[in-house]
Amino acid sequence: MLAPAAVVIIAGVNDVYQGRSARHVIEQLASMYDLAKQKGIPVVAGTIIPYNTATGDQNRRMREINQWIGKTSTTGSGVWFADTRAAAAAPGNSDRLFESPDGLHPSPAGYRRMADAIGPVLEKVLDK
């Protein structure tokens, strides 16, 4: 049986891209978070990263989900917050990627920035 020290869950950009409601995505994330917590596995919760072709409605849903992630990631909740959206976003425009080869995925430098946002949070979780 596996016994991970932590799990990193980065929220569902593909769900939003495919038209699912914010409520649906939140319910799915809550289920994943709860399952991990029931097993005693701390969760590092990453926010949905932007993509450059997102519509206003898609960005609104992503912001709603990300706000829920932030509220859910509270001290003592077993869920730790990592703002991967801010890390991957363009300076001054949180709805666009910092760099991207295709407008949908971060560049290697964007992924590095996401890792840099997750790393310190994961280290805190593992130090507990």
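See the structure printed just above.
Everything numeric here is computed off the predicted structure, so don't read it as measured data. (Residues numbered from 1 in each chain as written. Predicted model: local features only at pLDDT ≥ 70, side-chain atom pairs only at ≥ 80, totals over all residues. Heavy atoms only, no water.)

## Focus: helix α2 (residues 22-38)
Since the α-helix turns once every 3.6 residues, residues separated by three or four places project in the same direction.
Phase 1: Taking 1.5 Å per residue, 17 residues should reach 24 Å; α2 reaches 24 Å between its end C-alpha atoms and fits that length.
Phase 2: Considered for burial, the residues of α2 that qualify are Ala22, Val25, Ile26, Leu29, Tyr33 and Ala36. Along the axis of α2, the buried residues cluster in a sector spanning 95°; they form a single face. Turned more than 90 degrees away from the buried face of α2 sit Arg23 and Gln38, all of them exposed.
Phase 3: Of the surrounding elements, those touching the buried residues of α2 are β1 (7-10), α1 (13-17), β2 (43-46), α3 (56-72) and β3 (79-82).
Phase 4: Immediately downstream of α2, the backbone of Gly40 shows phi near 75°, a positive value. (Helix = DSSP H or I, 4+ residues; strand = E, 2+ residues; numbered from the N terminus. Expected span 1.5 Å × (residues − 1). Buried < 20%, exposed > 50% of the residue type's maximum accessible area, 1.4 Å probe, protein only. Arc of directions from axis to C-beta. Contact = heavy atoms within 4.5 Å.)

## Focus: the pairing of β2
Phase 1: Residues of β2 alternate between two faces, with Val43 and Ala45 on one and Val44 and Gly46 on the opposite face, all of them buried.
Phase 2: Pairing of β1 with β2 involves 4 bridges; the strand directions are parallel. Each residue of the ladder has a partner; that of Ile10, found in β2, is Gly46.
Phase 3: Direction of pairing for β2 relative to β3: parallel, over a ladder of 4 bridges. The residue bridging Val43 from the neighbouring strand is Val79, located in β3.
Phase 4: For the handedness criterion, the β-α-β arrangement of β2, α3 and β3 is classed as right-handed. (Pairing = 2+ DSSP bridges. Right-handed = clockwise from strand over helix to strand, strands pointing away.)

## Examining the layout of surface pockets
Phase 1: Estimates place the volume of the largest pocket at around 250 Å³.
Phase 2: Looking at the largest pocket, it is lined by 13 residues, and the ones nearest its centre are Val13, Asn14, Ile49, Leu104 and His105.
Phase 3: Every element with two or more residues in the lining of the largest pocket is listed here: α1 and α5 (108-127).
Phase 4: Taken together, the residues of the lining of the largest pocket sort by class into 11 nonpolar, 2 polar and no charged. (1 Å grid on protein atoms, 1.4 Å probe; cavity = no way out; pocket = protein on both sides within 12 Å on 5 of 7 lines; lining within 4 Å. Points joined across faces, edges and corners; volume = space filled by probe spheres on them. Nonpolar A, V, L, I, M, F, W, Y, C, P; charged D, E, K, R; others polar.)

## Digging into the packing of aromatic side chains
Phase 1: Here the structure, examined in full by the defined rule, presents 2 aromatic pairs.
Phase 2: Each ring, one from Tyr17 and one from Tyr51, has its centre 5.5 Å from the other, and the planes form 75°; the classification is edge-to-face. A residue pair is termed long-range when its members are at least 10 positions apart, and Tyr17 in helix α1 and Tyr51 in the loop between β2 and α3 qualify at 34 residues.
Phase 3: Residue Tyr51 is classed as buried on the basis of its relative accessible area of 2%.
Phase 4: Ring centres 5.6 Å apart and planes at 15° place the aromatic pair Tyr33 and Trp68 in the stacked group. With Tyr33 in helix α2 and Trp68 in helix α3, the pair connects residues that are 35 residues apart, well separated along the chain. (Phe/Tyr/Trp six-rings, centres within 6.5 Å; stacked < 30°, edge-to-face > 60°.)

## Regarding the pattern of salt bridges
Oppositely charged side chains can pair when the atoms bearing their charge come close.
Phase 1: A complete count under the given rule lists 9 salt bridges for this structure.
Phase 2: Between Lys37 and Asp34 there is a salt bridge whose closest N-O contact spans 3.8 Å. Of this pair, Lys37 and Asp34 both sit in helix α2, 3 residues apart, roughly one helical turn.
Phase 3: What makes Lys37 partly exposed here is its relative accessible area of 34%.
Phase 4: Beyond isolated ion pairs, a larger network of salt bridges with shared partners links Asp57, Arg60, Arg61 and Glu64. (Salt bridge = Lys/Arg side-chain N within 4 Å of Asp/Glu carboxyl O.)

So far we have only geometry, and geometry alone does not tell us how the molecule works.
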